[in-house]
Amino acid sequence: MDLTPDPLLVQLRKALRTSLAAVPVRPEVHGAPVTDGASGPARTVLDRLGAAGFERPAATGGLDLGLTAGVLVSEELGRAARGNPYRADALAADIGGPAGAALAGLEALPAGTGITASPRDGGWELTGTATVDDPGAGRPLLVATRTDAGPVLVAVPAGAPGVRVASTCWPPVVRFEGAPVTEADVVGALDDAPAGPLARARLRQAAYLLGIADGAHQIAVRYAGTRRQFDTRLRDLPAVAFPLARAMVALRATRAAVYRGAWLVDAAHDQDAAADGTDALGTADAVAGTAPVVALATAAETARDVVRLCMQSCGVRAMTAELGLHRYFRLATAESSRYGEPAALWRLAGAARLDLARRAVGENGTGRSVVAAGRPR
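Let me sum up the structure you'll find in this document. (Residues numbered from 1 in each chain as written. Predicted model: local features only at pLDDT ≥ 70, side-chain atom pairs only at ≥ 80, totals over all residues. Heavy atoms only, no water.)

**A short note on the overall build of the chain**
The number of helices and strands found in the chain is 10 helices and 10 strands. Looking at the chain as a whole, 50% of its 377 residues qualify as buried. Excluding contacts between residues fewer than 6 apart, the proportion of contacts in the chain whose partners are at least 24 apart in sequence is 73%. (Helix = DSSP H or I, 4+ residues; strand = E, 2+ residues; numbered from the N terminus. Buried < 20%, exposed > 50% of the residue type's maximum accessible area, 1.4 Å probe, protein only. Contact = heavy atoms within 4.5 Å.)

Right, here's the structure in full:
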């Protein structure tokens, strides 16, 4: 992994940060803090910069910048406390889904049990309630659910029978009441392939959470440097300075985990492409491992802890519209459980590492393959 800053990514970060700073925010303390999805104001910035082509291969007209560029975009969106219209389009492109779709049900991963798929003739019936990125009318839904084959992503057309979107709450939710889907609506599997679409989506979400924590920390540091109490700056009081310093350490460790995971996934993708499809799973396992899951679990915990510390450091001023910390607080609360709860992710990482260790002992210690533990789902 090359730790030298990439000049292209440095310019991209600067352009994103400058453009997002000009996007109007919602200063209200109550109500939805951001507008997500294609209808959000951040979508204009991404379209102007051509973000849709950052990760797309050059063969299909993209820039082929890799997952690292997508991680950077997500981090800057979180840092600016804007909605994330990037993740849905990026996941749809990875998995071959419809463009402009909204994501739903990913908070139930890795189990994939938030939306129940009951078998029926020619397909399934979807039942359950899940959060949705953007409740905009006319947008198809990419729904995470579990079938007999495991977790999958199903495309549900806009206005399908049995589908109701409630946009009066935040985050908005979609309710399925026996919505019929067929096998042709399955756009891809959400397996635990280390370089697969789900691993890439987890790293983008981890970067978004990292950006949320970083943005809240910047606000708290600025406020603590100007606010005076007991004839001294808050930043000079140990009770305020030490927690902010610990938060900085957590942010740097999380950033290293996220960008290392993105680099490993890009490396695994390149190796699999060079292997011409031979032993692709083994190659990706050796390179990427459980880095995406660990990065997301770490980022989710960091976002919750750092934002909480920042709220405590700013005291009663934390929930005022002037500081804007309320937006980061609500975003961290809502987004930390997307793509799986941290506890479930840690269990997933532990089971996968135990599986790899058993296989390694069987291949290198005895010369015989040991029966591997079932792949966690």
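More follows now that the structure is in view.
**A look at the side chain of threonine 254**
With respect to the helices, strands and loops of the structure, threonine 254 is situated in helix 6 (residues 238-274). Residue threonine 254 is classed as buried on the basis of its relative accessible area of 1%. Setting aside residues up to four positions removed in sequence, threonine 254 forms contacts with Leu210, Thr298, Ala299 and Thr302.

**Describing the environment of alanine 332**
Mapped onto the fold, alanine 332 is located in helix 9 (residues 325-335). As a C-alpha pair, alanine 332 and aspartate 305 span 27 residues in sequence and 9.5 Å in three-dimensional space. Not counting residues up to four positions away in its chain, the partners in contact with alanine 332 are Ile212, Ala303 and Val307.

**Topic: the nonpolar core**
Most often, soluble globular proteins have nonpolar side chains that are buried together. Within the largest apolar cluster, 83 residues are counted, with the highest numbers of intra-cluster contacts made by Val71, Leu77, Tyr86, Leu106, Leu153, Ile212 and Leu325. At 15 residues, the largest contribution of residues to this core is made by helix 5 (residues 197-226). Membership of the second largest hydrophobic core comes to 18 residues, among which are Ala104, Trp124, Val143 and Val181. (Core = buried A, V, L, I, M, F, W, Y, C linked by side-chain atoms within 4.5 Å.)

**Side note on unusual backbone geometry**
With an omega dihedral of -5 degrees, the bond running from tryptophan 170 to proline 171 counts as a cis peptide bond. Counting through the fold element by element, proline 171 comes out in the loop between strand 6 (163-166) and strand 7 (173-182). Positive phi is not limited to glycine here, since aspartate 64 has a value of about 55 degrees. Locating aspartate 64 in the fold gives a position in the loop between helix 2 (42-49) and helix 3 (67-79). Take aspartate 64: its relative accessible area is 48%, and that puts it in the partly exposed class. Of note in this structure, alanine 81 is not a glycine but carries a positive phi near 55 degrees. Among the secondary structure elements, alanine 81 is positioned in the loop between helix 3 and helix 4 (86-95).

**A short note on the environment of valine 186**
Looking at the secondary structure, you find valine 186 in strand 8 (residues 186-189). Sequence separation between valine 186 and alanine 144 is 42 residues, and the spatial gap between their C-alpha atoms is 9.9 Å. With sequence-adjacent residues up to four places away left out, valine 186 is seen in contact with Trp124, Val152, Leu153 and Val154.

Bear in mind that shape data such as this cannot, by itself, settle questions of function.
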